[in-house]
Amino acid sequence: MMKKMDNETLFRYFSAKTTEEEECRINDWLLSDVENEKKLRSAYDLWEVMLFKGSGYDSASKTPSKRRRNIRRWGLAVLNAAAIAMVFFVAKHLVTVSEDNALASTINTIEVPDGGKMDIILSDGTKVCLNAGARLDYPMRFARDSRQVSVSGEAWFEVAHDADKPFTVKTFLSDVEVLGTKFNLDADESAGHFSITLAEGSIRLRGDAGEKLMVPGEKVDIVGGKMTTCSYSPEKAKLWMNGIIDISGLTFLEIMRKLEKSFGVKIVVTLDEMPAIGFSEAELRQSEGVESALKSLQCAGVQFRYSTDFKTGTIYIK
């Protein structure tokens, strides 16, 4: 229920001297309670009395003079015009709200094919860069009091700041709550892996693995339901945006999966035992192709052989 409307504002409304903001307040006040229409008419009667008090009467007949009757008709016309304007404003407002609700409930989906990348600007100005194999679900227009999207795969976010509308990224494992910040997120449900690196601002993670308030330069991994935290360079986290594949600290199968997505190929591993990876820092260039990436791994001492079925494009690791 809205607070009482003061007569001073209503008097300015009758005199057509209110601002657009005041007119919005009056319209909202009228809509909040049917009794407020009676209060509006009472206020108008009071305004009219104050306007003409002590003038416009014929002392002999004690009846309103012609001037008073003319002004009264004018005053009623002003009130009727204001009522019409109010109805128009309310109708326009309701149409706008209806359109906003429809757009907020209309969800778009973007799925980036393996080997590709895609950038998108959301309705609030937030920038999202999607890596190969990523999926983003987002509304055509955000709701009035919140902003929410869903992500699967890897994405870089530059969230537009809006203190009144928190931004939430939902993933299979944890929700990311932000106001305005930059971060890299990798949520791979098939591998059961969640990783996020914060570059600017602050974000809060909420999920089954626990709650965590992150600071810039921090990386959080959630694997097997356990959350671990370490220092990590944000610039390193977004190397993929420049065509560089970071394979630092990954297992052999994780590297193969990353090559599949980055190059858009199918890799089948038929090894009985996975090769040991002897390096903690390593990068591959996407522009040089998958063959070059595999040979680079072999040159780095990773023991495996591979062959390619050119009919299907499948690479077999053996």
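All values derive from a computational prediction rather than experimental measurement. (Residues numbered from 1 in each chain as written. Predicted model: local features only at pLDDT ≥ 70, side-chain atom pairs only at ≥ 80, totals over all residues. Heavy atoms only, no water.)

Student: Just checking my understanding: could you explain the pairing of strand E8 (residues 182–188) for this structure?
Tutor: Side-chain positions along a regular strand alternate between the two faces of the sheet. Among the 7 residues in E8, 5 count as buried, and that is most of the element. Where strand E5 (residues 147–158) meets E8, 6 bridges bridge the pair, whose relative direction is antiparallel. Of the residues in E8, the one forming a bridge with Glu 154 is Asp 186. Pairing between E8 and strand E9 (residues 193–200): 7 bridges, direction antiparallel. Counted as the bridge partner of Ala 187 is Phe 194 from E9. Here E8 hands over to E9 after 4 residues, with Gly 192 in that stretch at a positive phi of 65°. (Buried < 20%, exposed > 50% of the residue type's maximum accessible area, 1.4 Å probe, protein only. Helix = DSSP H or I, 4+ residues; strand = E, 2+ residues; numbered from the N terminus. Pairing = 2+ DSSP bridges.)

Student: Sorry, what's going on with the sheet that holds strand E15 (residues 266–269) here?
Tutor: Strands in a sheet are paired, the pairing made by backbone hydrogen bonds, and the direction either parallel or antiparallel. Strand order in the open sheet formed by 3 strands is E15-E18-E17, with mixed pairing between adjacent strands. At either margin of the open sheet sits one strand with a lone partner, and together these are E15 and strand E17 (306–309). Averaged over all neighbouring strand pairs, the angle between strand axes comes to 25°, with direction disregarded. Bridging between E17 and strand E18 (residues 314–317) involves 4 bridges; their strand directions are antiparallel. Its bridge partner being in E18, Thr 308 is matched across the sheet by Ile 315. Running at roughly 160° to E15, helix H6 (residues 252–263) makes contact with E15 and E18 of the sheet. The strands touched by helix H7 (residues 289–299) are E17 and E18; relative to E17, the strand with the most contacts, the crossing angle is about 165°. (Axes fitted to C-alpha atoms, helices over the stretch in contact; angles between N-to-C directions. Contact = heavy atoms within 4.5 Å.)

Student: How should H7 be read in this particular structure?
Tutor: Counting along an α-helix, one turn takes 3.6 residues, and residues three or four places apart therefore face a common direction. Among the residues of H7, those classed as buried are Val 290, Ala 293, Leu 294 and Leu 297. What you see down the axis of H7 is that its buried residues fit within an arc of 95°, all on one side. Backbone geometry just after H7 places Gly 301 at a positive phi near 100°. (Arc of directions from axis to C-beta.)

Student: How do you make sense of the pattern of salt bridges when you look at a structure like this?
Tutor: Note that side chains of opposite charge can pair when their charged atoms are close. Per the counting criterion, the structure on display carries 15 salt bridges. Residue Arg 206 pairs with Glu 211 through a salt bridge whose shortest N-O separation is 3.0 Å. When the shortest N-O distance is used, the salt bridge between Lys 219 and Asp 221 registers 4.0 Å. What makes Asp 221 buried here is its relative accessible area of 14%. When salt bridges with common partners are traced through the structure, they connect Glu 177, Arg 204, Arg 206 and Glu 211 into a single cluster. (Salt bridge = Lys/Arg side-chain N within 4 Å of Asp/Glu carboxyl O.)

Student: So what exactly am I meant to see when it comes to the nonpolar core here?
Tutor: A general feature of soluble globular proteins is that nonpolar side chains tend to end up buried together. By size, the foremost hydrophobic cluster in this structure holds 30 residues, and its most contacted members are Phe 157, Phe 183 and Ile 196. Broken down by element, this core gets its largest block of residues, 4 residues, from E5. Not counting chain neighbours up to four residues away, the residues in contact with Ile 196 comprise Val 176, Phe 183, Asn 184, Leu 185, Ile 203, Leu 205, Met 214, Glu 218, Lys 219 and Val 220. Of all hydrophobic cores here, the second largest spans 21 residues; its members include Met 256, Phe 263, Phe 279 and Leu 294. (Core = buried A, V, L, I, M, F, W, Y, C linked by side-chain atoms within 4.5 Å.)

Student: I'm lost on the packing of aromatic side chains in this one. Help?
Tutor: Here the distance between the centres and the angle between the planes together describe a pair of aromatic rings. Under the definition given, this model contains 5 aromatic pairs. Plain terms: the ring middles of Phe 157 and Phe 167 are 6.2 Å apart, the flat faces sit at 65° to each other, and that makes the pair edge-to-face. Pair noted here: Phe 157 is in strand E5 and Phe 167 is in strand E6 (residues 167–170), with a separation of 10 residues, a long-range link. For Phe 167, a relative accessible area of 0% translates into the label buried. On the basis of an interplanar angle of 35° and a centroid distance of 6.4 Å, the ring pair of Phe 304 and Tyr 306 is categorised as tilted. Here Phe 304 falls in the buried class, since its relative accessible area comes to 7%. A network of ring pairs unites the aromatic residues Phe 142, Phe 157, Phe 167 and Phe 183 as a single cluster. Above the ring of Tyr 232, the side-chain terminus of Lys 219 is found at 4.4 Å from the ring centroid. (Phe/Tyr/Trp six-rings, centres within 6.5 Å; stacked < 30°, edge-to-face > 60°. Lys NZ or Arg CZ within 6 Å of the ring centre and 35° of its normal.)

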